[in-house]
2 protein chains.
Amino acid sequence: MRASQFFIATQKEAPQEAELPSHKLMLRAGMIKRLGSGLYTWMPLGLRVLRKVEAVVREEMNRAGALELLMPAVQPKELWEETGRWAVFGPQMLKIRDRHERDFCFGPTHEEVITDIARREIRSYKQLPLNFYQVQTKFRDEIRPRFGVMRAREFMMKDAYSFHTDLESLQKTYDTMYQAYSNVFNRLGLKFRAVRADTGAIGGDGSHEFHVLADSGEDALAYCESSDFAANVELAEALAPVSARGEAKEVMREVDTPKQTSCEDVAALLGITLQQTVKSIAVMATAEDGSTRFYLLLLRGDHTLNEIKAAKVAGLENFRFASEQEIRDHLNCPPGFIGPVGVSGQVSVVADRSVAVMSDFVCGANKPKLHLAGVNFGRDLPEPVAVADIRNVVEGDASPDGKGTIRLCRGIEVGHIFQLRTKYAAAMDAGYLDENGQRQTMEMGCYGIGVSRIVGAAIEQGNDERGIIFPAAMAPFTVAITPIGYDKSEAVQAAAHALYDELLAAGIDVLLDDRGERPGVMFADMELIGIPHRIVIGDRGLKDGQVEYQARTDAAAQTVALADIAGVIKQAV
Amino acid sequence: MRASQFFIATQKEAPQEAELPSHKLMLRAGMIKRLGSGLYTWMPLGLRVLRKVEAVVREEMNRAGALELLMPAVQPKELWEETGRWAVFGPQMLKIRDRHERDFCFGPTHEEVITDIARREIRSYKQLPLNFYQVQTKFRDEIRPRFGVMRAREFMMKDAYSFHTDLESLQKTYDTMYQAYSNVFNRLGLKFRAVRADTGAIGGDGSHEFHVLADSGEDALAYCESSDFAANVELAEALAPVSARGEAKEVMREVDTPKQTSCEDVAALLGITLQQTVKSIAVMATAEDGSTRFYLLLLRGDHTLNEIKAAKVAGLENFRFASEQEIRDHLNCPPGFIGPVGVSGQVSVVADRSVAVMSDFVCGANKPKLHLAGVNFGRDLPEPVAVADIRNVVEGDASPDGKGTIRLCRGIEVGHIFQLRTKYAAAMDAGYLDENGQRQTMEMGCYGIGVSRIVGAAIEQGNDERGIIFPAAMAPFTVAITPIGYDKSEAVQAAAHALYDELLAAGIDVLLDDRGERPGVMFADMELIGIPHRIVIGDRGLKDGQVEYQARTDAAAQTVALADIAGVIKQAV
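These numbers were taken from a predicted model, which means no experiment stands behind them.

1. Comments concerning the overall build of chain A
Secondary structure assignment for chain A yields 16 helices and 31 strands. Taken over the C-alpha atoms alone, chain A extends approximately 90 × 70 × 45 Å along its principal axes. Burial status across chain A gives 55% buried among its 573 residues. Across chain A, contacts joining residues at least 24 apart in sequence account for 70% of those joining residues at least 6 apart. Working note: accessible area of chain A is about 23,700 Å², and carbon and sulfur atoms make up 47% of it. Across chain A, 65 positive and 79 negative side-chain charges occur, with their mean positions spaced 2 Å apart.

Written as structure tokens, this is what we have:
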């Protein structure tokens with residue numbers, strides 16, 4: 001493509017309302033233009049990226065045996081009433097009334113429509129399994145659309161729906177989709193993790209989310225660098241320490257902590273590590289018989305409570321944090337100095353696995369302005385009534401799969417696969433006849449990829465102060481040729497055209513910047529829009545038969561012989 | 001593609017509500033499924049066809065230098081109010097209110113959105129011309145959707161919009177688009193004509209409609225087989241006869257026509273041709289001063305009145321047909337026997353060009369049950385006050401471009417190109433700075449193709465009692481291999497697989513019918529869905545190293561050596 005025949009409209013500044021790097025950069029690069037709240041036009045530059053993502057998604061879906069179809073965006077209310085979701089979906093569903101006063105919605109998802117097709121088309125077990133997908137514009141009326149294409153109201157989605165006779169077949173297609181999704185994100189050059197997920201409102205059992213890793217992600221993830229383990233931090237297991245509890249070496253003693261109410265401050269005062277301190281979190285839990293009980297949850301000073309895990313401990317199912325008054329009532333001590341030593345039978349102590357192996361630790365003394373040091377279970381206080389995993393994982397923890405250590409990151413959800421089981425098929429009476437002529441309900445899976453969101457997520461993962469760093473597979477152009485003095489030098493023009501033609505002939509997506517702009521403008525534009533490879537052709541270099549080459553991620557340009565540059569590029573691509 | 005891994009769901013009967021062949025056949029072939037009124041799912045088989053059309057459209061748009069973008073389907077009311085079309089569009093526009101009670105529509109077209117982009121993006125004449133296009137789902141809330149995808153409410157459209165500094169530039173892009181559209185329809189293998197069109201409500205000057213020729217089309221067209229002339233019958237000019245009026249040879253005389261009130265009946269009674277008769281059509285027209293006048297419009301007996309043309313005759317601008325009473329008042333004669341001879345000064349006679357050259361003709365006598373024969377202008381009645389083209393063209397008329405004779409047909413509009421001029425740019429203040437730094441309003445063109453409608457139109461043009469006859473470029477698969485006894489014969493299976501692999505390797509879109517169905521079922525399916533080439537492989541033929549080959553349009557199959565069949569197909573494709 002010649003830049004003079006394309007539409008490049010970069011901007012120095014992004015509008016105020018753009019918060020995320022990807023949103024700012026997409027606007028500055030001229031990839032998208034805002035039409036209204038959560039509504040964006042994909043300009044030619046942006047659409048090239050979107051179409052590349054779409055093509056990879058389509059290829060992998062086809063390879064996985066899914067069959068593409070295209071359902072209407074506008075869906076009748078009646079189908080949604082069969083599953084009860086017309087009411088459930090709420091204002092996020094954009095409702096429409098047509099000229100005949102019939103109710104429709106702009107489809108936010110297509111389970112109802114595809115299940116309606118399945119129940120009308122599928123008669124026999126012989127037709128199953130089937131996996132249909134589409135790439136389509138969806139609409140979700142977000143209450144506060146933001147982050148550009150990352151949470152737009154109108155967006156492009158790939159949604160697939162599979163139908164099966166049994167769970168085994170569903171699991172097989174689910175695994176195939178898991179692999180297809182991995183292929184998509186690998187081919188797009190994205191760092192991602194598949195995370196086991198709650199199935200939430202959509203129902204069903206097995207479910208994984210695919211997250212692109214990026215600092216701005218909305219989800220906190222734990223993953224293992226040396227395996228494919230990943231989980232939401234809230235759900236990631238902290239393994240029990242492999243080392244046993246050390247022997248008590250110190251005597252228990254009170255230490256003055258006049259103003260020190262946190263483990264950090266106490267450790268600093270005493271000159272010890274946080275790992276030698278224990279924090280006590282006071283909570284109240286109500287038993288089935290209605291009685292309430294006061295608990296102290298013990299965590300190592302450098303750890304934080306994971307409430308989801310804590311609620312899984314027997315007796316703590318519905319716990320809440322204790323009030324200051326409840327703490328004083330049970331421990332006769334203000335918060336900041338409480339601890340598990342010498343408590344009455346009214347208090348139950350639950351220790352995190354990490355605390356259970358500690359010895360000679362420091363904790364609150366249950367007396368104002370005092371802590372205890374050299375504390376040991378069994379000697380100074382009873383063993384806890386329960387030892388459990390009740391903390392959030394931290395960087396450096398052992399990976400639950402035993403294959404390395406955990407790192408923390410944030411993720412942007414770009415894909416989600418579900419085992420819906422019979423939720424929709426049962427609600428909509430989608431059945432088939434089995435080998436014995438008996439009518440059975442279909443098993444069902446669904447598989448979504450946020451095609452347009454991937455573009456934003458990729459930019460969140462790849463950007464620097466100069467602009468976007470696209471993976472090669474997603475870049476709007478793979479190579480930029482930026483001739484210096486294009487309008488003035490015939491030699492530059494001839495060399496640029498020859499190289500352009502050669503790269504085009506090799507099937508490489510090349511942009512020739514023939515706009516006659518100053519070098520600074522060209523370089524800034526090509527860096528901003530994230531083109532992976534740049535070749536500078538100028539009279540000065542040409543005298544020696546040389547050009548300059550720089551990859552988008554290189555710190556500096558290198559000199560390459562004009563005769564070699566096409567080869568270098570073909571090699572790199 | 002193997003049929004066992006695809007989704008083929010043909011039906012013997014189409015639903016009652018399907019009227020047109022294309023609608024019936026698309027439903028029977030399982031290409032589309034109805035979701036609601038004017039809402040269709042494109043099933044995998046149909047989507048393959050749609051995508052092939054889409055790809056050709058996209059390639060030709062790109063080749064013509066148009067830049068693809070993608071605008072939102074959902075558009076804010078405010079933009080439509082700037083052009084006044086929010087009110088004008090009426091109930092055909094699907095209106096939407098979002099959760100914040102703001103008004104939107106599901107875009108039926110995108111002039112407002114693209115003009116908004118243009119006015120924000122284009123500053124200088126240096127950026128022009130520009131031509132943007134998109135391939136997108138549109139919605140028009142037709143009051144009575146029917147004919148399947150031919151007039152669906154939700155449909156796929158390619159819409160392009162160009163921006164220019166002046167009319168000359170607009171005309172150049174318009175011509176480029178005209179050529180691109182011709183390329184699209186030629187490449188798709190469709191018989192079509194470009195027809196000069198009224199610009200109608202959208203405004204502007206130059207406009208052509210592209211029609212696929214098919215008996216079921218909604219528009220009556222006149223076209224020339226030996227040139228690219230085509231026009232709506234309503235607008236096609238009937239040239240003046242080249243021969244001059246003959247000399248009067250007969251005397252004028254009354255002939256009895258007791259029951260004959262039509263030219264057909266009179267001609268039959270008198271044993272003359274319709275071409276020797278003249279019919280008189282009585283109309284009333286109101287002059288600018290409010291006075292009304294009675295006219296007789298004379299047409300040759302075999303011609304019909306073209307009201308649009310007649311209204312262009314001076315004085316007839318707002319004519320209406322006369323009532324029986326008005327006829328009796330002015331001619332003292334009942335309808336059926338009226339004519340132009342001996343009328344009073346209150347009656348004006350206007351003759352069609354064909355009538356003006358007639359001599360010795362037959363017309364009504366203005367007396368009940370009588371006609372006049374041997375009538376001649378100048379001798380028996382004055383020359384008409386006006387001679388004009390006021391008739392519809394008929395087959396055999398000379399083509400207005402002088403390159404052959406006219407044929408009549410019906411057409412399905414699948415494309416439309418407009419010169420919008422400054423209609424939208426002026427309304428929305430879309431300007432640019434010219435060479436002199438002066439602000440000017442942009443010239444604009446728009447260019448639409450009904451992508452999904454093309455599929456229906458192609459089937460209207462190509463079908464027979466066995467099903468669809470797709471042009472090769474649009475067929476869901478190019479070749480079908482139908483092995484007989486696939487499940488039973490290893491030889492058949494081996495030959496089928498080898499041929500399948502060979503054709504696939506040659507880049508040919510081949511369907512292997514490995515469903516194990518009976519030959520009759522396979523043949524009927526492949527014919528119904530319109531696959532251009534079919535190869536039958538069976539044990540009987542294989543013994544002699546032979547297979548059967550039949551093109552979809554062939555009357556019978558021919559025997560081809562197995563060794564040669566791949567070559568035959570590659571040749572044919």
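That was the structure; now back to the text.
2. Concerning the interface of chain B and chain A
Every contact between the two is made by 57 residues of chain B and, on the other side, 57 residues of chain A. The contact between chain B and chain A buries some 4,500 Å² in all, and 64% of this surface belongs to carbon and sulfur atoms. For chain B, the biggest contributors to the area lost against chain A are Leu35, Leu70 and Arg99 of chain B; these three give 16% of the whole. At the boundary of chain B with chain A, the tally comes to six salt bridges. Between arginine 153 of chain A and aspartate 98 of chain B there is a salt bridge; the shortest N-O distance is 2.9 Å. At the surface where chain B touches chain A, the tally comes to 18 residue pairs in polar contact (both at pLDDT 80 or more). Taken together, the residues of the side of chain B that touches chain A sort by class into 33 nonpolar, seven polar and 17 charged.

3. Here we look at the environment of histidine 416 of chain B
Residues and elements named next belong to chain B. The residue histidine 416 is located in strand β21 (residues 406–421) in this model. Note on histidine 416: relative accessible area 13%, which makes it buried. Remark: the alpha-carbon pair of histidine 416 and cysteine 333, spanning 83 residues in sequence, is separated by 48 Å. There is a polar contact of 3.0 Å between the side chain of histidine 416 and the side chain of glutamate 413.

4. Concerning the relation of the copies chain B and chain A
For the pair of chain copies, the relating operation is a rotation around an axis with a shift along it. Its rotation angle being 180°, the transformation that places chain B on chain A also includes 0.2 Å of axial translation and leaves an RMSD of 0.4 Å. Read as a symmetry element, the transformation amounts to a two-fold axis. Of every C-alpha in chain B, the one belonging to isoleucine 96 of chain B sits nearest the axis of rotation, 2.8 Å from it. When the interface residues of chain B are mapped onto chain A, 100% of them are again interface residues, pointing to one common binding face.

5. Side note on the pattern of salt bridges
Where charged atoms of side chains with opposite charge meet at close range, the side chains can pair. Taken as a whole and assessed by the stated rule, the structure comprises 95 salt bridges over all chains. Close ionic contact of arginine 534 of chain A with glutamate 527 of chain A constitutes a salt bridge, the shortest N to O distance being 3.2 Å. For the residue pair arginine 534 of chain A and glutamate 527 of chain A, the accessibility class agrees, reading buried in each case. Of the charged contacts in the structure, one is a salt bridge between arginine 85 of chain B and glutamate 111 of chain B, with a shortest N-O distance of 2.9 Å. Taken together, the residues span a long stretch of sequence, with arginine 85 of chain B in helix α4 (residues 85–88) and glutamate 111 of chain B in helix α5 (residues 111–121) at a distance of 26 residues. Here glutamate 111 of chain B falls in the buried class, since its relative accessible area comes to 2%. Counted as one network, the salt bridges with shared partners bring together Arg51, Glu54, Arg58 and Glu68 of chain A together with Arg51, Glu54, Arg58 and Glu68 of chain B.

6. As for the packing of aromatic side chains
Across all of its chains, the model carries 26 aromatic pairs over all chains by this definition. Judged by centre distance (5.4 Å) and plane angle (50°), the ring pair of phenylalanine 361 of chain A and phenylalanine 377 of chain A falls under tilted. With phenylalanine 361 of chain A in strand β18 (residues 361–364) and phenylalanine 377 of chain A in the loop between β19 (370–375) and β20 (386–388), the pair connects residues that are 16 residues apart, well separated along the chain. Counting every residue linked through ring pairs, the aromatic cluster contains Tyr178, Tyr181, Phe185, Phe192 and Phe210 of chain A. The cationic tip of lysine 95 of chain A hangs over the ring face of tryptophan 86 of chain A; the distance from NZ or CZ to the ring centre is 5.4 Å. The positively charged end of arginine 534 of chain B is found above the aromatic ring belonging to phenylalanine 523 of chain B, 4.2 Å away from the centroid.

7. Re the domain arrangement of chain A
Residues and elements named next belong to chain A. Structurally, chain A comprises domain 1 (3–236 + 408–460), domain 2 (253–388) and domain 3 (479–572). For domain 1 versus domain 3, the distance between C-alpha centres works out to 38 Å. Residue-level contacts link eleven residues of domain 1 with ten residues of domain 3. Summed over both sides, the interface of domain 1 with domain 3 buries roughly 860 Å², with 62% coming from carbon and sulfur. Of all residues in domain 1, the largest losses of buried area upon contact with domain 3 belong to Ala3, Ile8 and Thr10, amounting jointly to 48% of the total for that side.

8. Focus on the state of the cysteines
Residues and elements named next belong to chain A. In total, this model carries zero disulfides over all chains according to the counting rule given. Cysteine cysteine 224 remains unbridged, with the sulfur of cysteine 409 as its closest cysteine sulfur at 12 Å. The buried category is assigned to cysteine 224, whose relative accessible area is 0%.

9. Points about the packing of helix α1 (residues 21–28) of chain A against helix α12 (residues 451–461) of chain A
Residues and elements named next belong to chain A. Two elements in contact, α1 and α12, have axes separated by 8 Å at closest approach and are oriented at 105°. Considered as vectors, α1 and α12 are oriented roughly perpendicular to each other. Contacts from Pro21, Ser22, His23, Leu25 and Met26 of α1 reach α12 at Val455, Gly456, Ile459 and Glu460. A per-class count over the contact of α1 with α12 returns five nonpolar, three polar and one charged.

Thresholds applied
Residues numbered from 1 in each chain as written. Chains lettered and ligands numbered in written order. Predicted model: local features only at pLDDT ≥ 70, side-chain atom pairs only at ≥ 80, totals over all residues. Heavy atoms only, no water. Helix = DSSP H or I, 4+ residues; strand = E, 2+ residues; numbered from the N terminus. Buried < 20%, exposed > 50% of the residue type's maximum accessible area, 1.4 Å probe, protein only. Contact = heavy atoms within 4.5 Å. Areas by Shrake-Rupley, 256 points an atom, 1.4 Å probe, with all protein chains shown as cover. Lys, Arg positive; Asp, Glu negative; His and termini not counted. Charge placed at Lys NZ, Arg CZ, Asp CG, Glu CD. Buried area = accessible area lost by both parts, 1.4 Å probe. Salt bridge = Lys/Arg side-chain N within 4 Å of Asp/Glu carboxyl O. Polar contact = N/O pair within 3.5 Å; in protein donor to acceptor, adjacent residues only side chain to side chain. Nonpolar A, V, L, I, M, F, W, Y, C, P; charged D, E, K, R; others polar. Least-squares fit on C-alpha atoms with pLDDT ≥ 70 in both. Phe/Tyr/Trp six-rings, centres within 6.5 Å; stacked < 30°, edge-to-face > 60°. Lys NZ or Arg CZ within 6 Å of the ring centre and 35° of its normal. Domains from an automatic or database assignment. Disulfide = S-S within 2.5 Å. Axes fitted to C-alpha atoms, helices over the stretch in contact; angles between N-to-C directions. Parallel < 35°, antiparallel > 145°, perpendicular 65-115°, else oblique.

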